[in-house]
Amino acid sequence: MEDNKDILLNKLFEEAANTEIADNGFTRQVMRRLPSRAQRYNRIWTGVCASLAVFLLTYFKAWNYFLDVVINTCCAFVNINWLHILAVIILLPAATMLISSVFAIRELKLQG
């Protein structure tokens, strides 16, 4: 019974996909207008956001904060004990490979 329903549904959808609805070029006109308007609005919105960002950065004198962050970050890098970070950089990929290989071996044992 389900096979007959599937066949009828497939036939109906094939017929619907092949039928063309006359719209007197309406779809073509709509598709031609969409990108140009969207691009224009996109440019306007980008300009408004950029202008607002420049105004706010100037008003709140944000360059001082950015400069402080850069200076503090540079000072922090000087005071870091790099041996601890190198150990993490080396051990983290090794631990990841070990764990993934354990799961791969387990998966192979389950399959075969």
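Just so you know, these numbers come straight off a predicted model, no measurement behind them.

1. Examining a nonpolar patch on the surface
Turning to step 1, where the next piece is worked out: Taken together, the side chains of Leu52, Phe55, Leu56, Tyr59 and Phe60 present a nonpolar region at the surface, about 570 Å² in accessible area.
Turning to step 2, where the next piece is worked out: Structurally, the position occupied by Leu56 is in helix H2 (residues 26-59).
Turning to step 3, where the next piece is worked out: The partly exposed category is assigned to Leu56, whose relative accessible area is 37%.

2. Thoughts on the confidence of the model for the protein chain
Turning to step 1, where the next piece is worked out: Per-residue confidence for the protein chain gives a mean pLDDT of 84; residues scoring 70 or more make up 96%.
Turning to step 2, where the next piece is worked out: Between the elements of the protein chain, mean pLDDT differs from a low of 83, seen in helix H1 (residues 2-18), to a high of 86, seen in helix H4 (residues 82-111).

3. Brief notes about the packing of aromatic side chains
Turning to step 1, where the next piece is worked out: Applying the stated criterion to the full structure yields 2 aromatic pairs.
Turning to step 2, where the next piece is worked out: Ring geometry for Phe55 versus Tyr59: centroids 5.9 Å apart, planes at 20°, classification stacked. Of this pair, Phe55 and Tyr59 both sit in helix H2, 4 residues apart, which is roughly one turn of the helix.
Turning to step 3, where the next piece is worked out: Measuring from centroid to centroid gives 4.9 Å for Tyr59 and Phe60, while their planes differ by 85°, and the two rings are edge-to-face.
Turning to step 4, where the next piece is worked out: With a relative accessible area of 57%, Tyr59 lands in the exposed category.
Turning to step 5, where the next piece is worked out: Within the aromatic cluster, the residues linked to one another by ring pairs are Phe55, Tyr59 and Phe60.

4. As for the state of the cysteines
Turning to step 1, where the next piece is worked out: Applying the stated criterion across every chain yields a total of 0 disulfides.
Turning to step 2, where the next piece is worked out: Not part of a disulfide, Cys74 finds its nearest cysteine sulfur in Cys75, a span of 6.9 Å.

5. Re unusual backbone geometry
Turning to step 1, where the next piece is worked out: In this model, Asn24 sits at a positive phi of 55°, which is unusual for a non-glycine residue.
Turning to step 2, where the next piece is worked out: Locating Asn24 in the fold gives a position in the loop between H1 and H2.
Turning to step 3, where the next piece is worked out: Residue classification places Asn24 among the exposed residues on the basis of a relative accessible area of 78%.
Turning to step 4, where the next piece is worked out: For Lys61, which is not glycine, the phi torsion reads 50° and is therefore positive.
Turning to step 5, where the next piece is worked out: The residue Lys61 is located in the loop between H2 and helix H3 (62-78) in this model.

Cut-offs and rules
- Each chain has its residues counted from 1, following the order in which its sequence is written.
- Given that this is a predicted model, residues contribute local features only at a pLDDT of at least 70 and side-chain atom pairs are listed and counted only at 80 or more, while totals for whole chains, interfaces and linings are drawn from all residues.
- Side-chain numbers come from the whole structure's heavy atoms, not from hydrogens or water.
- Only residues whose relative accessible area exceeds 30% and that form no salt bridge enter a patch; like-charged residues are grouped when within 9 Å of one another, and nonpolar side chains (Val, Leu, Ile, Met, Phe, Trp, Tyr) when within 5 Å.
- Note on areas: Shrake-Rupley with a 1.4 Å probe; residue coverage comes only from the protein chains shown.
- Whenever Lys or Arg places a side-chain nitrogen within 4 Å of a carboxyl oxygen from Asp or Glu, that contact is recorded as a salt bridge.
- A run of H or I in DSSP becomes a helix once it reaches four residues, and a run of E becomes a strand once it reaches two; helices and strands are each numbered from the N terminus.
- Relative accessible area decides the class of each residue, using a 1.4 Å probe on protein chains only: under 20% of the type maximum gives buried, over 50% gives exposed, and in between gives partly exposed.
- You can read pLDDT as the predictor saying how much it trusts each residue, on a scale of 0 to 100.
- Within 6.5 Å between ring centres, the rings of Phe, Tyr and Trp (the latter by its six-membered ring) count as paired, and their orientation is classed by plane angle as stacked under 30 degrees, edge-to-face over 60, tilted in between.
- A pair of cysteine sulfur atoms is labelled a disulfide when the two atoms are within 2.5 Å.

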